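Observations on chain architecture
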Amino acid sequence: MRLLLLNGPNLNLLGQREPELYGSATLESIEADLKKLSLAEGVGFECFQSNFEGALIERIHKSVDQVEGILINAGAYTHTSIALRDALLATKIPYVEVHLSNISARESYRHHSYLADKAVGLVSGFGVISYRLAFEGLLAYLRQKR
Ligand code: DQA
């Protein structure tokens, strides 16, 4: 089994970006943490971050028959991108939506997600732990499905 972690715009700045909201961990450390988890679980794991919507979409397209599940923090594209939603639905790859912050407790324009209703699940508000919870949830879901 192989999983993909996708991170969208501005998440490359984690660690320095609004630490009161997003914490002090860097994206590299989050990726390394999940890499370790995936080794322990015996699953393949790859990571991709982009600030460009089209690059994220192309990575999703390329993942068909390559990965069985996707963890996605689409950043602000969560609230704007029908194209990202369409790409995920087109490939039919099960995905879990991840957010460091609790998007429902923030500005009203962050309350709506274009990805949430088709996701296996959504983890939001636990800081870096959101990624771990999402990883474990996705893995449990995929193993149960097999
Ligand atoms: C975020 C929440 C989004 O609203 C925001 O645009 C981000 C980060 C989060 O992880 O909490 O870039 O996805």
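Here the structure is a predicted model, which is why all the values come from computation and not from measurement.

What to know about the pairing of strand β4 (residues 95-99)
The buried fraction of β4 is high, at five of five residues. Burial along β4 is two-sided: the residues Tyr95, Glu97 and His99 and Val96 and Val98 are all buried. The pairing of strand β3 (residues 69-73) with β4 spans three bridges and is parallel. Pairing of Ile72 across the sheet is with Glu97, part of β4. Considered for its hand, the β-α-β crossover made up of β3, helix α4 (residues 82-91) and β4 is right-handed.

A word on the environment of Pro94
Along the chain, the position of Pro94 falls in the loop between α4 and β4. Other than its neighbours up to four places away in sequence, Pro94 contacts Glu68, Gly69, Ile70, Val120, Leu138, Tyr141, Leu142 and Lys145.

As for the site of the ligand
For the ligand, the full set of nearby residues is Arg17, Tyr22, Asn73, Gly75, Ala76, His79, His99, Leu100, Ser101, Ile103, Arg106 and Arg110. Taking Arg17, its side chain carries an N or O atom lying 3.0 Å from an oxygen atom of the ligand. Within the side chain of His99, an N or O atom sits 2.8 Å from an oxygen atom of the ligand. For the ligand, whose unbound accessible area comes to 320 Å², protein coverage reaches 99%. Spatially, the ligand is embedded in the largest pocket. A per-class count over the shell around the ligand returns four nonpolar, five polar and three charged.

Cut-offs and rules
Every residue gets a number counted from 1 within its own chain, in the order that chain's sequence is written. Two thresholds apply to this predicted model, a pLDDT of at least 70 for residue-level local features and 80 or more for giving and counting side-chain atom pairs, whereas whole-chain, interface and lining totals are computed over all residues. Computation of side-chain values: all heavy atoms of the structure, hydrogens and water removed. Think of it in three bands: with a 1.4 Å probe and only protein chains considered, a residue is buried below 20% of the maximum accessible area for its type, exposed above 50%, and partly exposed in between. Strands are runs of DSSP state E lasting at least 2 residues, helices are runs of H or I lasting at least 4, and numbering of each runs from the N terminus. Between any two strands, pairing holds if DSSP finds at least two bridges. Place the viewer so that the strands point away; then a crossover is right-handed whenever the path from the first strand over the helix to the second strand goes clockwise. Residues are treated as being in contact if the distance between any of their heavy atoms lies within 4.5 Å. Throughout, the term near means that a residue has one or more heavy atoms lying within 4 Å of the molecule or strand in question. Polar contact is defined as a pair of N or O atoms within 3.5 Å, subject to the rule that within protein one atom must be able to donate a hydrogen and the other to accept it, and that residues adjacent in sequence are counted only when both atoms are side-chain atoms. Shrake-Rupley sampling with a 1.4 Å probe provides the accessible areas, and residues are treated as covered by the protein chains on show and by no other component. Whether a set of points on the 1 Å grid over the protein atoms alone is a cavity depends on a 1.4 Å probe fitting there but being unable to get out, while an open set qualifies as a pocket with protein on both sides within 12 Å along at least five of seven lines; lining residues are those with an atom within 4 Å of a point. In this scheme, a molecule is assigned to a cavity or pocket if more than half of its atoms are within 2 Å of the grid points. Polar here means any residue other than Ala, Val, Leu, Ile, Met, Phe, Trp, Tyr, Cys and Pro, which are nonpolar, and Asp, Glu, Lys and Arg, which are charged; Gly is therefore polar.

This is a description of form; function is not addressed.
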